[in-house]
Amino acid sequence: MLTSAITLSVKLILRKIITMSGDDKAFDSLEGEIWFDGKMLPWVEADVHVLTHGLHYASCVFEGERSYNGKIFKLREHTERLIMSANALGFEIPYSADEIDEACVKICNVNGIVDGYIRPVAWRGSEMMGVSAQANTIHLAIAAWPWPSYFSPEARTKGIRLKTAEWRRPAPNTAPVHAKAAGLYMICTLSKHAAEADGYDDALMLDWRGQIAESTGANIFIVMGDDRLHTPIPDCFLDGITRKTVCELAKKRGIEIIERAIMPAELGSATEVFLTGTAAEVTPVGEIDNYKFTVGEITRFLIDDYDRVVGKKTTADAG
Ligand code: PMP
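Residues numbered from 1 in each chain as written. Predicted model: local features only at pLDDT ≥ 70, side-chain atom pairs only at ≥ 80, totals over all residues. Heavy atoms only, no water.

## Quick word on the site of the ligand
Then, in step 1: Around the ligand sit 15 residues, and of these Tyr185, Glu214, Ile241, Thr242 and Thr278 come closest.
Then, in step 2: A distance of 2.8 Å separates a nitrogen atom of the ligand from a polar atom in the side chain of Lys180.
Then, in step 3: At a separation of 2.8 Å, an oxygen atom of the ligand approaches a polar backbone atom of Ile241.
Then, in step 4: In isolation the ligand has 380 Å² of accessible area, and contact with the protein removes 96% of it. (Near = heavy atom within 4 Å. Polar contact = N/O pair within 3.5 Å; in protein donor to acceptor, adjacent residues only side chain to side chain. Areas by Shrake-Rupley, 256 points an atom, 1.4 Å probe, with all protein chains shown as cover.)

Right, dumping it as structure tokens:
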């Protein structure tokens, strides 16, 4: 009991070090500037009031973008998704796609981010504090920070370990499932915490029908015995920008993609599994519950192809 509590604490501390910005300060205490409603603010002054609709009622949408070698990968797609997510929650971001793109680039330049992560976030403000939010103004802020890898390098080479979550992705008629909406991440945090408490890296989430959906922050691909790439139909979760990129890369390699309903028991015939996401990039999965997989050829091809298409510096470039 005591040993497992100590092991968990050590793992949590290590994970904190890995997932923080490389600095041991909390995210509200870093140095730099944050783009906030059209102005550049010192990082520590980019506050919202405690009586903010977005905080109480999850009227908040966001994006996660990566800059590689000084260029934000698929910036316009992320900006368009941000605008679409806000519309799905019934509000308009008061900036055009061009203005948002420009602000993302500016915040990277001002903070000297060459390889990093960009986080635009839009939310309803404080004019009304109740379920109805008709009069609330809409805010937009954009932060950027250096960010190496979402999972530890060791987990990435061996394949990460997933545990199936008890929580399910909701049906499309119960939530705006295609929006990158803050409220939807409540289920993800619960699921990820439960997986981490059992020593896993992340959770595999099923959808409301019991079909395989995704992990808590990335889409999933499965190589079955037939050397084809199977992936769930994104009808109740984000059709990730990385997912679409990887589908194109696989097609270029002549690998057939099958989008279909996949049941968890089918993992018994899977040989390779990997996740895709802006933060996760292409991350091999070594284990889901009692099923084990190898980091095989198709996964390795797609890791390399993805690194190349995003413009990542390879070890040879760095050399
Ligand atoms: N699903 C969820 C729940 C996510 O948070 C993400 C990351 N945005 C993804 C999938 C992958 O999306 P993308 O490839 O656009 O980053």
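## Some thoughts on the packing of helix 3 (residues 75–88) against helix 4 (residues 97–111)
Then, in step 1: It is at 10 Å that the axes of helix 3 and helix 4 come closest, and there the two elements cross at 125°. The angle between helix 3 and helix 4 falls in the class oblique. For helix 3 against helix 4, the interelement crossing comes out right-handed. The residues of helix 4 that touch helix 3, namely those facing Leu75, Arg76, Thr79, Leu82 and Ile83, are Ala97, Asp98, Ile100, Asp101, Cys104 and Val105. (Axes fitted to C-alpha atoms, helices over the stretch in contact; angles between N-to-C directions. Helix = DSSP H or I, 4+ residues; strand = E, 2+ residues; numbered from the N terminus. Parallel < 35°, antiparallel > 145°, perpendicular 65-115°, else oblique. Left-handed = near helix turned anticlockwise from the far one by under 90°. Contact = heavy atoms within 4.5 Å.)

## Regarding unusual backbone geometry
Then, in step 1: Positive phi, normally seen in glycine, also occurs at Asn69, with a value near 55°.
Then, in step 2: Note that Asn69 resides in the loop between strand 4 (65–68) and strand 5 (71–72).
Then, in step 3: Classification of Asn69 as partly exposed rests on a relative accessible area of 44%.
Then, in step 4: Here Asp289, not a glycine, exhibits a phi torsion of approximately 50°, which is positive.
Then, in step 5: Mapped onto the secondary structure, Asp289 falls in the loop between strand 15 (281–288) and strand 16 (291–292).
Then, in step 6: The exposure class assigned to Asp289 is partly exposed, which follows from its relative accessible area of 26%. (Buried < 20%, exposed > 50% of the residue type's maximum accessible area, 1.4 Å probe, protein only.)

## A look at a nonpolar patch on the surface
Then, in step 1: A surface patch of nonpolar side chains, about 590 Å² in accessible area, is lined by Val50, Leu51, Leu55, Tyr57, Met129 and Val131.
Then, in step 2: Position of Val131 among the secondary structure elements: in the loop between strand 6 (116–124) and strand 7 (138–146).
Then, in step 3: For Val131, a relative accessible area of 71% puts it in the exposed group. (Patch = residues over 30% accessible without salt bridge, like charges linked within 9 Å, V, L, I, M, F, W, Y side chains within 5 Å. Salt bridge = Lys/Arg side-chain N within 4 Å of Asp/Glu carboxyl O.)

## Considerations on the nonpolar core
Nonpolar side chains tend to gather and get buried jointly when the protein is soluble and globular.
Then, in step 1: The biggest cluster of nonpolar side chains holds 29 residues, and the ones touching the most others in it are Val61, Phe91, Ile93, Cys104, Ile118, Leu140 and Ile142.
Then, in step 2: Mapped by element, the contributors of at least two residues to this core are helix 3, helix 4, strand 6 and strand 7.
Then, in step 3: For this core, the element with the most residues is helix 4, which contributes five residues.
Then, in step 4: Counting the residues that make up this core, at least three belong to each of domain 1 (21–145) and domain 2 (155–318).
Then, in step 5: Core analysis: the second largest hydrophobic core is formed by 20 residues, Ile160, Leu204, Val285 and Phe293 among them. (Core = buried A, V, L, I, M, F, W, Y, C linked by side-chain atoms within 4.5 Å. Domains from an automatic or database assignment.)

## Here's the deal with the packing of aromatic side chains
Then, in step 1: The final tally for this structure, using the stated rule, is eight aromatic pairs.
Then, in step 2: On the numbers, 5.3 Å between centres and 50° between planes, the contact of Tyr117 with Trp145 is tilted. Of this pair, Tyr117 sits in strand 6 while Trp145 is found in strand 7, placing the two residues 28 residues apart along the sequence. You'll find Tyr117 and Trp145 in the same group, each marked buried. (Phe/Tyr/Trp six-rings, centres within 6.5 Å; stacked < 30°, edge-to-face > 60°.)

## Some words on the environment of Lys39
Then, in step 1: Relative to the assigned elements, Lys39 resides in strand 2 (residues 39–42).
Then, in step 2: Judged by relative accessible area, which is 58%, Lys39 ranks as exposed.
Then, in step 3: In this structure, the C-alpha to C-alpha distance between Lys39 and Ala103, residues 64 residues apart in sequence, is 9.6 Å.

## Some points on the pairing of strand 6
Then, in step 1: Taking burial as the measure, the nine residues of strand 6 include seven buried ones, the bulk of the element.
Then, in step 2: By the bridge criterion, three bridges tie strand 3 (residues 60–62) to strand 6 in an arrangement that is antiparallel. Paired with Val61 across the bridge in strand 6 is Ala122.
Then, in step 3: Pairing of strand 4 with strand 6, which is carried by three bridges, proceeds in the antiparallel orientation. Counted as the bridge partner of Glu65 is Ile118 from strand 6. (Pairing = 2+ DSSP bridges.)

## Digging into the confidence of the model for the protein
Then, in step 1: Averaged over the protein, the pLDDT score is 91; the fraction of residues at 70 or greater is 90%.
Then, in step 2: Segment residues 1–20: pLDDT under 50, and 15 contacts once partners within four positions in sequence are set aside and those in other chains are kept. (pLDDT = per-residue confidence, 0-100.)

## Observations regarding the pattern of salt bridges
Then, in step 1: Scanning all chains against the criterion turns up 21 salt bridges.
Then, in step 2: Note that Arg243 and Asp239 form a salt bridge whose closest N and O atoms lie 3.0 Å from each other.
Then, in step 3: The class for Asp239 is partly exposed, based on a relative accessible area of 29%.
Then, in step 4: As a salt-bridge pair, Asp305 and Arg308 come within 3.5 Å of each other at their nearest N and O atoms. Pair noted here: Asp305 and Arg308 are both in helix 8 (residues 297–310), with a separation of three residues, about one helical turn.
Then, in step 5: We classify Arg308 as exposed; its relative accessible area is 60%.
Then, in step 6: The network of salt bridges with shared partners includes Arg66, Glu281, Asp307 and Lys312.

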